[in-house]
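Examining the three-dimensional arrangement
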Amino acid sequence: MKSATTWAALACSLFLQPSPAEAAAPKAGFQAPGFYRMVLGNVEITALSDGTHPFPVATVMQAPPPEAGGKRPLLADARPAEAEARLAADHLSLPIQGSINAFLINTGERLVLIDTGAGDLYGPCCGKLVENLGAAGYKPSEIDDILLTHLHADHVGGVMLGGKPVFPNAIIHVSRRDADYWLDPENQAKAPFFLHAMFEGDRKVLKPYIENKRFAPFDYGAAVLPGITPLATPGHTAGHTSYSVDVGNGQNFLVWGDIVHVAPIQFPDLAITVTYDSDAEEAVAERKTLLSKTAQRGTLIGAAHISFPGLGHVVARGGSFVWVPVNYEATPVP
């Protein structure tokens, strides 16, 4: 039997012990800066995150039409639970966070940014590109050129932040076909209502660059910058462009924009599209062609919407294509 003194000592020790809440470190609630750097041939590639957002799988992903030339139904209606099953196979579930990635190319002579994220146009989820650019060691004023894969908000919006142009010394390049379409108010009037904000956002964020003669639409057929060739990959938009970056030794780095939106769903079935595709059948054809070519050639890909950093290879395996992300390296080695 314990004495009164012993009980008193035990009670005191229990009182002095910290509670679990006091002992645990507070949760941080944030990620490391969103950049990842690697070297390929004679260029340095820095993937930059603009943030992630809940991708609306149920309301935008479409199944093939029941008959040729027919209207594409939503995947959720045509094949209930298929999207969830494919995500579950990769240990994912709805709502799935979609990455918004951009890619900075340091050629040794120029700093070239391919896509700019959403800026303010997607709300508080995004607009982190400038912060991550700084964490990667660069200033917006150091960017020489911006190449846009197309003029959807999550690729062009980042040229403006807080109502001010972000890249004062950069020339913005985009295909003339995309520029002519998205900057024309008459096309907005004819387009589906859900696209109207895209037109308005494009005109708003590009206006200061156009006024300062820093907007340079291009035609296909030649390099847009030394070592960087635009490739017409229409379907997602009429002027959707992928960029082939010559890194020397016969190698290329390909930034393909929106060829794929949700890899676990679209890689097993390349015919699944999104409502934002201007021509769904053309988008499918380009996706099939590009995945086949890059798999055969072993091309390194920069993908706008595959999980950050969006760098990897397409591999043909078991009768379909799979995405193989790059192996993480703590120090980029040429």
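Throughout what follows, the structure given in this document is the object of discussion.

Reading the values: the criteria
- Residues numbered from 1 in each chain as written.
- Predicted model: local features only at pLDDT ≥ 70, side-chain atom pairs only at ≥ 80, totals over all residues.
- Heavy atoms only, no water.
- Helix = DSSP H or I, 4+ residues; strand = E, 2+ residues; numbered from the N terminus.
- Contact = heavy atoms within 4.5 Å.
- Pairing = 2+ DSSP bridges.
- Axes fitted to C-alpha atoms, helices over the stretch in contact; angles between N-to-C directions.
- Buried < 20%, exposed > 50% of the residue type's maximum accessible area, 1.4 Å probe, protein only.
- Polar contact = N/O pair within 3.5 Å; in protein donor to acceptor, adjacent residues only side chain to side chain.
- Phe/Tyr/Trp six-rings, centres within 6.5 Å; stacked < 30°, edge-to-face > 60°.
- Salt bridge = Lys/Arg side-chain N within 4 Å of Asp/Glu carboxyl O.
- Core = buried A, V, L, I, M, F, W, Y, C linked by side-chain atoms within 4.5 Å.

A few words now on the environment of L94. Of note, L94 is situated in the loop between α5 (82-89) and β4 (97-106). Separated by 37 residues in the primary sequence, L94 and V57 have C-alpha atoms spaced 8.0 Å apart. Dropping the residues within four chain positions of it, L94 is found in contact with V57, E84 and L87.

We now examine the sheet that holds strand β6 (residues 145-147). The strands making up a sheet associate through backbone hydrogen bonding, with each pair oriented either parallel or antiparallel. The seven strands lie next to each other as β1-β2-β4-β5-β6-β9-β10, forming an open sheet whose pairing is mixed. The outermost strands of the open sheet, each flanked by one partner alone, are β1 (35-40) and β10 (215-218). Across the sheet, the axes of successive neighbouring strands diverge by a mean angle of 25 degrees, strand direction being ignored. Where strand β2 (residues 43-54) lies against β4, ten bridges are found, and the strand directions are antiparallel. Following the sheet pairing, G51 is matched in β4 by I100.

Let us now look at the side chain of T241. Secondary-structure assignment places T241 in strand β12 (residues 241-248). Exposure remark for T241: the relative accessible area of 0% places this residue in the buried category. A polar side-chain atom of T241 sits 3.0 Å from the main-chain carbonyl oxygen of G239.

Counted according to the given criterion, the structure contains ten aromatic pairs. Relative to W182, the ring of Y181 has its centre 5.0 Å away and its plane inclined at 90 degrees; by these criteria the two rings are edge-to-face. For W182, a relative accessible area of 3% gives the class buried. When the centroid spacing of 4.6 Å and the interplanar angle of 40 degrees are considered together, the rings of W182 and F199 count as tilted. Of this pair, W182 sits in helix α8 (residues 176-182) while F199 sits in helix α10 (residues 196-211), and the two are 17 residues apart along the sequence. Side by side, W182 and F199 carry an identical accessibility label, which is buried. Taken together, the ring pairs connect Y181, W182 and F199 into an aromatic cluster.

Moving on: the side chain of N132. Along the chain, the position of N132 falls in helix α6 (residues 129-135). For N132, the side chain forms a polar contact with the main-chain oxygen of S49, separated by 2.7 Å. Those residues in contact with N132 that sit more than four places away from it in its chain are P33, G34, F35, L48 and S49.

Here we take up the pattern of salt bridges. Within the structure shown, the criterion is met by eight salt bridges. For R37, the salt bridge is made with E44, and the minimal N-O distance between the two is 3.6 Å. Among the ionic pairs, R86 bridges to E82, the shortest N-O distance being 2.9 Å. With R86 and E82 both in helix α5 and four residues apart, the pair spans about one turn of that helix.

This part takes up the nonpolar core. Core analysis: the biggest nonpolar cluster contains 32 residues, and L113, I143, I146 and F167 have the highest contact counts within it. Of all elements in the fold, only β4, β5 (111-114), α6, α7 (153-156), β9 (171-175), α8 and α10 reach the threshold of two or more residues within this core. Per-element accounting of this core gives the leading share, five residues, to α10. Ranked by size, the runner-up nonpolar core spans 22 residues in total, among them M38, I45, I105 and L147.

Glancing now at the sheet that holds strand β15 (residues 300-303). One open sheet accounts for six strands, arranged β11-β12-β13-β15-β16-β17; its pairing is mixed. Strands with a single pairing partner mark the edges of an open sheet, and in this sheet they are β11 (228-232) and β17 (320-325). Going across the sheet, the axis of each strand differs from the next one's by a mean of 35 degrees, ignoring polarity. In this structure, β15 lies alongside strand β16 (residues 311-317), joined through two bridges in antiparallel fashion. The residue of β16 that forms the bridge with I301 is G312. In this fold helix α12 (residues 280-297) packs onto β11, β12, β13 (251-257), β15, β16 and β17, with an angle of close to 155 degrees to the strand it touches most, β13.

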